[in-house]
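Structure at a glance
Letter by letter, the chains look like this.
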Amino acid sequence: MEDEKILKKNPDIVSRTIEDETILMPIYKTSDEINCIYTLNQVAARVWELIDGKKSLGKIKKILSGEFASPEKELDRELAKFLKDLKGIKAIKVKGQ
Amino acid sequence: VAKLKEIEQVFIYILREDNNRDEINKRIQQFDEDDWRGLFELVTKHGLFPVFYNRLLSLKLENTPPEFLFRLKNAFLLNLQRNILLERELSRILIYFKELNIPAIPLKGPILARYLYNDLGLRQAPCDLDILVRSEQFEAAEDALSKINYIPCNNGRDTLFQRNLKLKYARQLSFSCNLVDGTGVLVELHVDLRGLFVYFPLEYFWRNLKEFDLDGNKILMPTNETLLIYLSLVSMTLSEFIELRYLYDIYRLILKFKSELDWLKITESIKNTRHKTAVFFSLTLSQYFFYFAIPKDFLRIIKPNIIKRFLLRIWINKNNVLYKRTNRDYSWYCFFTAWHYFVTSYLYSKSILDCIKIIRSKIFLPMNEMVGRYSQPLSNASRSLYIKRLLKPISRLLKKGVVYGR
């Protein structure tokens, strides 16, 4: 069920790659997140790239497991943690919700 | 550039597209902590830190201190964030104006970052958005802004009379919008191109426009030729000193559109105007710093006479460009005032009679000009004080024989 979910990005969060680092920036800074800029690691950057409002979570997992040598469980754990973080900063939401 | 100090040379070389990486590497090998600090100050003071940081990354220089890069990166990201927000707001406003058939031209700001640098992050974000509308459509534009949650900057406390007075004399009104808690945008709605050293004919500006595609939205903006003249004039607004970041904009404009620029059209537009000297000087100075080709015929036609060129060299030299007047003391101000009123008037005049006209209009500034400068109407007493202050360096010169000095 979880794997069928489709995620989409918040258009108010933009990304930029600088010096091989992917950075997320909220455009509208609220008073509690003034100057908040988030740096993504390699896997997180790839996940962010794959979130396009079309691919399901299952498909993203499949692509990641083909690209990264990490064991599937570890990749799942890392993905779940990253998605939780992204939801926490309102960078993504589940399509249709 | 060879005459500049070491950190200034590195600053300029890094900004130039034709630079030699090995040469820069060799120069920065000798840098100590103070040099890096000095370089950081220079880069930020001139508002060129975003493009400088980008050039630094693309050059992949060796031995650049991590703290130096870290500080630049932070500044770069915050600037990018601000520019994205401003561009988004600008699009929202312009799209809405278009729906209401209100032609509007964004002046400078994020649009130049996109147009000249192809990247929003590379030009310093302004503190506000300047938008030019036709005076007959100002009220419609004002209404449109209020419908998208913009309010006059003093929370609408002005009476209609005060508002009309401000618009009549300052030729612009400011509006603000609080987008979310902590993020706001200021919009300055103009009906005139004020603040330029030499008046830019508004009709010429409106006649020479083109459309620019901003993410699928057609935005009105000046043609390249008009933009070049406009930037040349804009670069002289800060107390009539050349601003390096505008010289860099000119460089980017010429670099990007060198094959398309119609120099003949520029010549025709400026040859009989007071803009000629400003364009000549901004262009040659930009060329001095950043090195690019300008057609010789064009320079020959707009070249001022030998006395003017001599005075220009004293006025705008690399020190005056690299180190702004804010660092100077009051004596400099007195000297500058005398210089401003007599020498610059001569520089921009078409003839001696024209020069006298400019000086007269500067000293006995018409009330509307004065209000434009101070953004509010002045009493006759304030006006006399203003004239007195202007004449102070002259009385000083007559009494003590010196214009400046404590």
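The rules we used
Residues numbered from 1 in each chain as written. Chains lettered and ligands numbered in written order. Predicted model: local features only at pLDDT ≥ 70, side-chain atom pairs only at ≥ 80, totals over all residues. Heavy atoms only, no water. Pairing = 2+ DSSP bridges. Helix = DSSP H or I, 4+ residues; strand = E, 2+ residues; numbered from the N terminus. Axes fitted to C-alpha atoms, helices over the stretch in contact; angles between N-to-C directions. Contact = heavy atoms within 4.5 Å. Buried < 20%, exposed > 50% of the residue type's maximum accessible area, 1.4 Å probe, protein only. Arc of directions from axis to C-beta. Salt bridge = Lys/Arg side-chain N within 4 Å of Asp/Glu carboxyl O. Core = buried A, V, L, I, M, F, W, Y, C linked by side-chain atoms within 4.5 Å.

In this section: the sheet that holds strand β2 (residues 13-18) of chain A. The sheet built from three strands is open, its strands ordered β2-β3-β4 (chain A) with antiparallel pairing. The open sheet has two edge strands, β2 and β4 (38-40) of chain A, and neither has a second partner. Neighbouring strand axes in the sheet, compared pairwise and without regard to direction, differ in orientation by 30° on average. Alignment of β2(A) against strand β3 (residues 21-26) of chain A, held across six bridges, turns out to be antiparallel. Bridge pairing in β3(A) links T17(A) to T22(A). Strand contacts of helix α1 (residues 42-50) of chain A: β2, β3 and β4 of chain A, with the helix running at about 100° to β4(A), the strand carrying the most contacts. Strands in contact with helix α5 (residues 66-99) of chain B are β2 and β3 of chain A; relative to β3(A), the strand with the most contacts, it is inclined by about 45°.

Let's shift gears to helix α12 (residues 263-270) of chain B. Residue and element names in this part refer to chain B. When α12 is considered as a whole, its buried residues turn out to be W263, I266, T267, S269 and I270. For α12, the arc enclosing every buried residue in end-on projection is 165°, short of the 170-degree limit, so these residues lie on one face. Of the exposed residues in α12, those oriented more than 90 degrees away from the buried face are L264 and E268. Those residues of α12 that are buried lie in contact with α9 (202-207), α10 (224-234), α11 (244-257), α13 (275-290) and α14 (296-302).

Turning our eyes to something else, we now look at the pattern of salt bridges. Charged atoms that come close allow side chains of opposite charge to pair. Using the criterion set out here, one finds 26 salt bridges over all chains in the structure. For E243(B), the salt bridge identified is with R245(B), shortest N-O distance 3.5 Å. Exposure remark for R245(B): the relative accessible area of 23% places this residue in the partly exposed category. A single network of salt bridges, built from pairs that share partners, joins R46(A), E49(A) and E67(A).

Looking now at the nonpolar core. Counting 129 residues, the largest nonpolar core has F11(B) and F97(B) as the members making the most contacts within it. A total of 13 residues in this core trace back to one element, the largest contributor, which is α5(B). Ranked by size, the runner-up nonpolar core spans 23 residues in total, among them L50(A), L79(A), L86(A) and A91(A).

Next up on the list: the sheet that holds strand β2 (residues 129-133) of chain B. Within a sheet, adjacent strands bond to each other through the backbone by hydrogen bonds, running parallel or antiparallel. Residue and element names in this part refer to chain B. Reading across the sheet, the five strands line up as β1-β2-β5-β4-β3 and stay open at both edges, with mixed pairing between neighbours. Sheet topology places β1 (104-107) and β3 (151-152) at the edges, where each strand pairs with a single neighbour. Across eight bridges, the pairing between strand β4 (residues 172-180) and strand β5 (residues 183-190) is antiparallel. Paired with L173 across the strands is L189, a residue of β5.

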